[in-house]
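# Structural description and commentary
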Amino acid sequence: VEQAVGEIGYTMDEYRMEILKGIRHQALADEVTKDESVTEEEIRASYEETKDEQFSQKPGATIYHIFFGTPDDTTAESTAKEAKAKLDAGAKFGDIALEYGKDGTASTGGLLGSYPYDTKELGADFMAEAAKLTEGQISEPVLTSFGWHIIFVENVQTEAKTFALEDSIPMSDQSTRTVREVIENALLINKKNERMMALQKESQTEFNVSVYEDLIPMNVIEEEEADGTTPGTGTQGSDTSSGTGQP
């Protein structure tokens, strides 16, 4: 721990003081914002304003694939046909993905994720093939501009859907919350932040505090990032993504 703390520029005593400051600040924030609340009217107004963008789901599916190689790979098609024969004989898709897959999804059962059919994140020709499949269907080997694949889909949604306030939706931490809970939490956080900012401005006025924003270190960091440099290195940011067969 001491080594990690040193790497971010703190001694252990300084780090402990920063932790204590954070705890005290959070305790103060909790105390002065404890009476903030969100009304039913505010929840419903926010829902009506944001439902089409944030709480609607286009037609799409959860998509898996097995990638066998690029279009110029002379063995990819025959290997894909061999794998499909095993799937037709009852082999599990995840097992075949692990055995044959040539990209990063091989170790996760071939999972690409849940996507609307009109996504721009995956290739249009790949998505066109995925959109042909019905719930739980496994495709024949297909050739796209990226190469040879076998595609499997589940959770197929053929029509657009808007979630109601009481509907549960998945969160990034794999839990679920109702739309109401998501909206209420977001509104409450905004109210508490606004309360803290108002108190901060009141204190600055009362005690005649001047803030010189150009001297705040964080602003320097933001300016460096805007220039495309990596703070502390002086080097241009680089793309660290690795090449895969993901369409």
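Presented here is an overview of the structure given in this document. If you're wondering where the values come from, they're calculated on a predicted model, not measured in any experiment. (Residues numbered from 1 in each chain as written. Predicted model: local features only at pLDDT ≥ 70, side-chain atom pairs only at ≥ 80, totals over all residues. Heavy atoms only, no water.)

### Brief notes about the overall build of the protein chain
Each helix and strand in the protein chain was counted, giving eight helices and eight strands. Here the protein chain, with 247 residues, has 26% of them falling under the buried criterion. Summarising the internal contacts of the protein chain: among those between residues at least 6 apart in sequence, 60% fall at separations of at least 24. Here the protein chain displays about 16,600 Å² of accessible surface, and carbon together with sulfur accounts for 51% of that area. (Helix = DSSP H or I, 4+ residues; strand = E, 2+ residues; numbered from the N terminus. Buried < 20%, exposed > 50% of the residue type's maximum accessible area, 1.4 Å probe, protein only. Contact = heavy atoms within 4.5 Å. Areas by Shrake-Rupley, 256 points an atom, 1.4 Å probe, with all protein chains shown as cover.)

### Side note on a nonpolar patch on the surface
Together, Met17, Ile19, Leu20 and Ile23 make up a nonpolar patch on the protein surface, roughly 350 Å² of accessible area in all. Turning to its location among the elements, isoleucine 23 is positioned in helix α2 (residues 12-32). Assessed through its relative accessible area of 52%, isoleucine 23 is described here as exposed. (Patch = residues over 30% accessible without salt bridge, like charges linked within 9 Å, V, L, I, M, F, W, Y side chains within 5 Å. Salt bridge = Lys/Arg side-chain N within 4 Å of Asp/Glu carboxyl O.)

### Re the packing of helix α3 (residues 40-54) against helix α7 (residues 179-206)
Where α3 meets α7, the closest approach of the two axes is 10 Å, and the angle between their N-to-C directions is 110°. Here α7 runs roughly perpendicular to α3, going by the angle between their axes. Contacts between α3 and α7 pair Glu40, Glu42, Ile43, Arg44, Ser46 and Tyr47 from the former with Val179, Arg180, Ile183, Glu184, Leu187 and Lys191 from the latter. Grouping the amino acids of the contact of α3 with α7 by side-chain chemistry returns five nonpolar, one polar and six charged. (Axes fitted to C-alpha atoms, helices over the stretch in contact; angles between N-to-C directions. Parallel < 35°, antiparallel > 145°, perpendicular 65-115°, else oblique. Nonpolar A, V, L, I, M, F, W, Y, C, P; charged D, E, K, R; others polar.)

### Examining the sheet that holds strand β3 (residues 111-116)
One open sheet accounts for four strands, arranged β3-β2-β5-β4; its pairing is antiparallel. The open sheet has two free edges, formed respectively by β3 and β4 (142-143), since each of these has just one partner strand. Sheet topology places strand β2 (residues 60-69) next to β3; five bridges connect them, and they run antiparallel. Residue glycine 60 lies in a different strand from β3, and its bridge partner there is proline 116. Sitting on the sheet, helix α5 (residues 93-100) touches β2 and β5 (148-157), and the angle it makes with β2 is about 35°. On the sheet, helix α6 (residues 124-131) packs against β2, β3, β4 and β5 and is oriented at approximately 55° with respect to β5. (Pairing = 2+ DSSP bridges.)

### Thoughts on the pattern of salt bridges
One pass over the structure, following the stated rule, counts 15 salt bridges. Between glutamate 18 and lysine 21 there is a salt bridge whose closest N-O contact spans 3.6 Å. You can see glutamate 18 and its partner lysine 21 sitting in helix α2, three residues apart, about one turn around the helix. By relative accessible area, which is 34% here, glutamate 18 ends up partly exposed. As a salt-bridge pair, lysine 81 and glutamate 77 come within 3.4 Å of each other at their nearest N and O atoms. Highlighted residues: lysine 81 and glutamate 77, both in helix α4 (residues 76-88), separated by four residues, approximately one helical turn. In this structure, a network of salt bridges that share partners links the residues Glu40, Arg44, Glu166 and Arg180.

### A word on the packing of aromatic side chains
On inspection of all chains with the given rule, the structure shows six aromatic pairs. Ring geometry for phenylalanine 93 against phenylalanine 152: centres 5.3 Å apart, planes inclined by 40°, an arrangement best described as tilted. Highlighted residues: phenylalanine 93 in helix α5 and phenylalanine 152 in strand β5, separated in sequence by 59 residues. The buried category is assigned to phenylalanine 152, whose relative accessible area is 16%. (Phe/Tyr/Trp six-rings, centres within 6.5 Å; stacked < 30°, edge-to-face > 60°.)

### Description of the side chain of serine 139
Mapped onto the secondary structure, serine 139 falls in the loop between α6 and β4. In this view, serine 139 contacts Lys84, Leu133, Ile150 and Ile151; residues no more than four positions away in its chain are not counted.

### Considerations on the pairing of β5
Taken residue by residue, a regular strand's side chains alternate between the two faces of the sheet. Taking burial as the measure, the ten residues of β5 include seven buried ones, the bulk of the element. Bridge count for β2 against β5 is eight bridges, and the pairing is antiparallel. Bridge assignment links isoleucine 63 to a residue of β5, and that residue is valine 153. Pairing between β4 and β5: two bridges, direction antiparallel. Bridge assignment links valine 142 to a residue of β5, and that residue is histidine 149. Connecting β4 to the next strand, β5, in antiparallel fashion are four residues, including glycine 147 with a positive phi near 145°.

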